[in-house]
Structures are given as C-alpha cells and as structure tokens.
Amino acid sequence: MPKRFDDAEDKPKTLTTYTIALDDAQMEKLRAACAAKYWEEVEVPYARFAFKGPKVNVTAYTSGKVVVAGKETEDFVQNVIEAEVTGAARLGYDDVHHPEWFEPHAGLDESGKGDLFGPVISAAVVAERPAIDAWRQAGVRDSKTIADPQILKLDELIRGTPGAVVETCYCGMAKYNELMLKPRANLNRLLAWQHATALEKALQKKWVARGLLDQFSKEPLVQRELKKKGLERFHLDMRTKAESDPVVAAASVVARAEYVRTMIALSREFGDRLQKGAGAAAKAQAAALVEKLGARALGRFAKLHFRTAYEVVAAAGRLDELPLPVPKERMEWRK
C-alpha cells in the first residue's frame, strides 16, 4: 500500500530548544511560574534552579541565561516566559529584532582559556541564512550550556553543513608553553593572533564583509592582527555574550568540540581523564601528574603560566627540575 503523505510533513519543525537572558526579578518570576505547576525541581551544575516538566525542561543558569528544552518548548516560551515573565513577544520575531543574525557573516569564539589542562582553541565560522536556520533548529547555542556528547554531535552537524566554512587555530602544548613562558608573553595577544589566523583561513574559502567576536579584551587586538594580514576591508565587531548570534554560537560549539577532542587525546596519553577548569580537582590531578611523571611532564598537559602550575611544582619541591617564574602577587581590593 503506498505511503500516505500528510500536509503536516511540509510544516516547519517545532522548536525544541530556546535560550534567553533574564534579570534577577525575571528569574524569580520564572521560578514561581514553574513551582506553581508542581514540576520536579532538579539539580543541574552551575544552575540557579532547574525544573523538569512533563514535556519540557527549564534550566536557569547563574550567568543569567535560561535554557528551555523539550517538545513543548514553543508553548512554554510563548505562554509562560513571554506572557508571565518578560511581557514581550519575541519568539518567531527574530527577523524583526535581529535581522543581522541572518545576513552572511563570520562568528568567532574560543575555548580552553580558563582551563589548566589543554590548549586554547580559536574558531571562526562563516555562514549564510540556510545554514543559520538549520543550526538554530538543531539547538546550536552557547557551548557553555551544552554537555560534551551533544557538543560533538553539533560540531559534526556544523562542519557538514553545505555552504558553511569552519576553521580553527591553536598551538600544541609544547609550543603554547614556549610562547607563554617568554618574559613579555600575553595570552590575549596570542589569542588575538589565533582568532585572526582562523578567520583569515575561513575568508580565503568564503568572503563576507563583516563578523562578530565574543569579546575577551577591551582593546581591538584581533582588529590589529587582521590589519597586519591585509584584511582592512573586513569589519569586525566585538561584544560580550555575543553567543546570542547563531554564527558566534556555532563558533563557540566548534571551539569547544575541538577542545574536548584534544582533552580526550591528552587524557589517553596521561592514562586518566584530565579535569576541566582550574579548581581544586585540576590542581590535585596536576600534583598527581608531577608525582607520577615528573615536573617536566606537566608541560605536556598543562598551561605552565597558570599560578596553579607554579604552586603544584613548588609544593612538590621540584622547581629545580622545572624552574617556573614566580607569579605576580594577587592584587587585593579593599573598601
């Protein structure tokens, strides 16, 4: 019997993920609205609160971002967030509120900058509307709100999208530490060079006139590097929380996915899963690494210019083996 096709198959897919930034008062309104539905409150890392509903999950992060995910995302956003919390109808009106999102442009972001282990990855993505629409539908957003397994899947999707261009740039750990242990080394300048290099490679494959960078410095460091490369015609804007732009979000995902893959390789070399971040767990693992492989081996896995690296090597009494420079004194602010 021939397969029957319904008109519903031609309709656009329902939105299943949504991200919005809310202030403190709006966050509390949202919490109250979820609690009033008697939904299960669950614990999520870095979340201010999180609720699990029958067909939708709501996670409010301490950064101010809220992620809604599930089959009833659209209904929840329109009837709760917009109707009860923000009082502004925005879902479905991105063409009106953010027309620049859908124009051909580049997005730049990085990953690994604050992690003790692993390199700093820069990513540049160039895309047009068809790719942007597909990525938004698939749930591409700020990588900080996505678990590693999903990051790798979305990275595969982004890299395989027809017409889109993806480039990354980073140094291996040996080269990174060589550069960053020089007397006048500066991480932001190195990062600016990486961003400009990734973007230059992307623009050679697909030219666009402008791009957006998730801001990491108040100085126009990347713009200076682009000028050195003869890319004066390219206009690069930069702002904080630029991942709301879907192409910057795509760059965020690509950079994080490359960092995750690199960490997997480094973990295999070490013989244990390396910790992300630069907190107590990472510091304890660095100490164990020095004990197991020696101080010099730390440079194969970790950023040696971090204060944590110095403290670990000093505590092990091995500064003669790996003579790291004494970190600058922390500045204490007093009221």
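See above for the structure.
My aim in this report is to walk through the structure given alongside it, one point at a time. (Residues numbered from 1 in each chain as written. Predicted model: local features only at pLDDT ≥ 70, side-chain atom pairs only at ≥ 80, totals over all residues. Heavy atoms only, no water.)

Attention now moves to the pairing of strand 7 (residues 121-127). The element strand 7 is extensively covered by neighbouring structure, given that seven of its seven residues are classed as buried. Side chains of strand 7 alternate between two faces, with I121, A123, V125 and A127 and S122, A124 and V126 buried alike. Pairing geometry for strand 6 (residues 105-111) and strand 7, over seven bridges, is antiparallel. If you follow D109 over to strand 7, its bridge partner there is A123. With five bridges connecting them, strand 7 and strand 8 (residues 165-169) associate as antiparallel partners. Among the inter-strand pairings, S122 is bridged to a residue of strand 8, identified as C169. (Buried < 20%, exposed > 50% of the residue type's maximum accessible area, 1.4 Å probe, protein only. Helix = DSSP H or I, 4+ residues; strand = E, 2+ residues; numbered from the N terminus. Pairing = 2+ DSSP bridges.)

Before going further, it helps to examine the sheet that holds strand 7. A sheet is described by the order of its strands in space; here five strands give the open sequence 8-7-6-9-10, paired in mixed fashion. Where the open sheet ends on each side, the last strands, each with one partner, are strand 8 and strand 10 (235-239). For this sheet, the mean angle separating the axes of adjacent strands, direction not counted, is 20°. Note that strand 6 and strand 9 (residues 210-214) share three bridges and pair parallel. (Axes fitted to C-alpha atoms, helices over the stretch in contact; angles between N-to-C directions.)

Take unusual backbone geometry next. A positive phi angle, near 65°, is found at Y46, a position not held by glycine. Within the secondary structure, Y46 is located in the loop between strand 2 (40-41) and strand 3 (47-52).

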